[in-house]
Amino acid sequence: MRIAVLADSHDRLPETLPERLRGATEIWHLGDVCHPGALAPLEALGAALRVVRGNCDWHGLWPEALLLERGGVRFHLIHIPPRFGPKGAGVVLHGHTHVPRDETDPLGVRWLNPGSVSHGRRGAPESIGWLEFGAEGGWTWRIEVL
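A short tour of the structure in this document, coming up. This is a predicted model, so every value here is computed, not measured.

Concerning unusual backbone geometry
In this model, Asp 32 sits at a positive phi of 65°, which is unusual for a non-glycine residue. You can see Asp 32 is positioned in the loop between strand 2 (26-29) and helix 2 (40-43). Residue Asp 32 is classed as buried on the basis of its relative accessible area, which comes to 2%. Although it is not a glycine, His 98 adopts a positive phi angle of roughly 65°. Residue position: His 98 is located in the loop between strand 6 (91-94) and strand 7 (101-104). Residue His 98 is classed as buried on the basis of its relative accessible area, which comes to 4%.

The following block contains the structure:
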């Protein structure tokens, strides 16, 4: 299973993105889509699309957070990172900062951010993340620079 994780598209998806995401089992967008129609190229891929609302998403189409379990791991999807990881979550996936992140806190919660698919900040390039699950269990996180 391969899950593409992106955030902070702000109405702009790179032209090459749909081709890069072909073969993704799921696509998770961590907020700041802005106009819902901007997701049309991703919806056309046919992969399951999960979206959480960001601070620039003014409509009520998407939830503020999602808790999803894949490969025996509980993933908490949210746009703005909370101060502490939610109870029961092994991984917090967030956007908002436009900068990739991969850290584990003292309680063992892993904090991941794919960066921004359209507007990197503080010298960070545009990027997405990939969660890849092995057939025998386990998973990896990888940042792909666009």
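Points about the sheet that holds strand 6
Sheet strands associate in pairs through backbone hydrogen bonding, adopting either a parallel or an antiparallel arrangement. The strand order 4-5-6-8-7 describes an open sheet built from 5 strands, whose pairing is mixed. Only two strands of the sheet have a single neighbouring strand rather than two, namely strand 4 (65-70) and strand 7. Neighbour-to-neighbour, the strand axes of this sheet turn through a mean angle of 20°, independent of strand direction. One ladder, built from 4 bridges, connects strand 7 with strand 8 (residues 110-113); its direction is antiparallel. Among the inter-strand pairings, Asp 102 is bridged to a residue of strand 8, identified as Leu 112.

The rules behind these values
- Note that residues are indexed from 1 along each chain, following the sequence as it is written.
- Local features are withheld for residues below a pLDDT of 70 in this predicted model, meaning they are given only at 70 or higher, and side-chain atom pairs are given and counted only at 80 or more; totals for whole chains, interfaces and linings count all residues.
- Excluded from the side-chain calculations are hydrogens and water; all other atoms, namely the structure's heavy atoms, are used.
- Working definition: helices are DSSP H or I runs of at least four residues, strands are E runs of at least two. Numbering for both runs from the N terminus.
- Buried means the residue's accessible area, taken with a 1.4 Å probe over protein chains only, is under 20% of the maximum for its type, while exposed means over 50%, and partly exposed covers the values in between.
- We call two strands paired when DSSP finds no fewer than two bridges between them.
- Axes here mean lines fitted to C-alpha atoms, for a helix over just the part in contact, with angles spanning 0 to 180 degrees between N-to-C directions.

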